[in-house]
Amino acid sequence: MKLILLGAPGAGKGTQAKRLEEAYGIVQLSTGDMLRAEVASGSDIGKELKAVMEAGNLVTDDLIISMIASRVEQDDCKKGYILDGFPRTTAQAEALDKMLEDKGQKLDEVIEMVVDEDALVERITGRYTCADCGQGYHDSFQKPAKEGVCDKCGSGEFSRRADDNEETVRSRLVSYREQTAPIAEHYKAKGMLKTVDGMADIDEVTNQLKKILG
Ligand code: ADP
Ligand code: ADP
Ligand code: ZN
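Every value quoted in this text rests on a predicted model; they were computed, and no experiment measured them. (Residues numbered from 1 in each chain as written. Chains lettered and ligands numbered in written order. Predicted model: local features only at pLDDT ≥ 70, side-chain atom pairs only at ≥ 80, totals over all residues. Heavy atoms only, no water.)

Formed by 27 residues in total, the largest nonpolar core has its most connected members in Ile4, Leu29, Tyr81, Leu83, Leu96 and Tyr187. Every element with two or more residues in this core is listed here: β1 (2-6), β2 (27-30), α2 (31-40), α3 (44-54), α4 (61-71), β3 (81-84), α5 (90-103) and α8 (182-189). Top element by residues in this core is α5. It accounts for four residues. Setting aside residues up to four positions removed in sequence, Leu83 forms contacts with Leu3, Ile4, Leu5, Leu29, Ile68 and Leu96. In terms of nonpolar packing, the next biggest core, distinct from the first, is built from 24 residues, Leu3, Leu20, Ile111 and Ala119 among them. (Core = buried A, V, L, I, M, F, W, Y, C linked by side-chain atoms within 4.5 Å. Buried < 20%, exposed > 50% of the residue type's maximum accessible area, 1.4 Å probe, protein only. Helix = DSSP H or I, 4+ residues; strand = E, 2+ residues; numbered from the N terminus. Contact = heavy atoms within 4.5 Å.)

Looking at the zinc ion (ligand 3), the protein donor atoms are Cys130 (SG), Cys133 (SG), Cys150 (SG) and Cys153 (SG), and they sit 2.3 to 2.4 Å from it. Donor residues binding the zinc ion (ligand 3) come from one chain and are separated in sequence as C-x2-C-x16-C-x2-C. One end of the pair, Cys133, is in the loop between β5 (127-130) and β6 (136-138); the other, Cys150, is in the loop between β6 and β7 (158-159), and 17 residues separate them in sequence. Take Cys133: its relative accessible area is 34%, and that puts it in the partly exposed class. (Donors = N, O, S within 2.8 Å, 3.2 Å for Na, K, Ca; no water.)

Written as C-alpha cells, this is what we have:
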C-alpha cells in the first residue's frame, strides 16, 4: 500500500502516519524527519538546511526528490509506505508521478486532512516528542498518562522542534498556502483526492483513515 497524507503543518499527519505504520505494516516516510536527521548530523548540507527550515521556507525540490527516490528503494519500503510531508510543491508531485510511472507502480490513496488555521497554530506551538522513541505529544491535546513519562518507552526526556514557534509557524503556513495547497488540485484532477475531517479527535481521525484504507 502506498499513500500520501496531505495536510498543513500541524494537521496530524505524523500522528496518524505512526498509527497506520503499526496497523498496516508499512513505513512512514517523513521528509521533515529526514531533513532533521541531516541537520542533527552537523554536515555542511545540514547547516544550510537548518537556516531554511528555521525561517519556515521550503528546501529545494531537487534535494527532496533525490532524497525520496533513494529512500523508496530501501527494503523496508517493499510492503508500502506513507508519504508524510512530501510532495509539497507541484514540481514534487510531478516528479513523484514520473518516479512511480518509471517503476510501474501506483499510489493507492491520496488523503487530505483538513484542519482550521487557528487550530494549526495551537497544535504546533504545543507539540513535543519523546527524545528516545519519537512518540508525539501535545501540551493540551495529547498528554502522557503520567506527567513527564513517555507512555511508550518510559523515558523522561522530551524535545521540541526549533521551528515550532509562533513566528516560524506563520511563515510555514504561508509556504503551505502558496506552494503546497495547490497539490490537492493536482490529485483532484486525477480523481484521486479523498478528505478526512482533521478537526476530529485523534482516534476518530484514525477511524476515518482506516475506513478509506480498508
Ligand atoms: P503534522 O505531522 O501534520 O505536522 P502532528 O501529527 O505532529 O502534525 O500533530 C501536531 C500536534 O497536534 C501534535 O502535538 C499532536 O499531538 C497534536 N494532534 C494531532 N492530531 C490531533 C487531533 N486530531 N486533535 C488534537 N491534537 C492533535
Ligand atoms: P510540518 O508538517 O509539521 O510542517 P515537516 O516536519 O514536514 O513539518 O517539515 C519541516 C520543514 O522541513 C518544513 O518547514 C520545510 O522547511 C522542510 N521540508 C519538509 N518536507 C519538505 C518538502 N517535501 N519540500 C521542501 N521542504 C520540506
Ligand atoms: Zn518514548
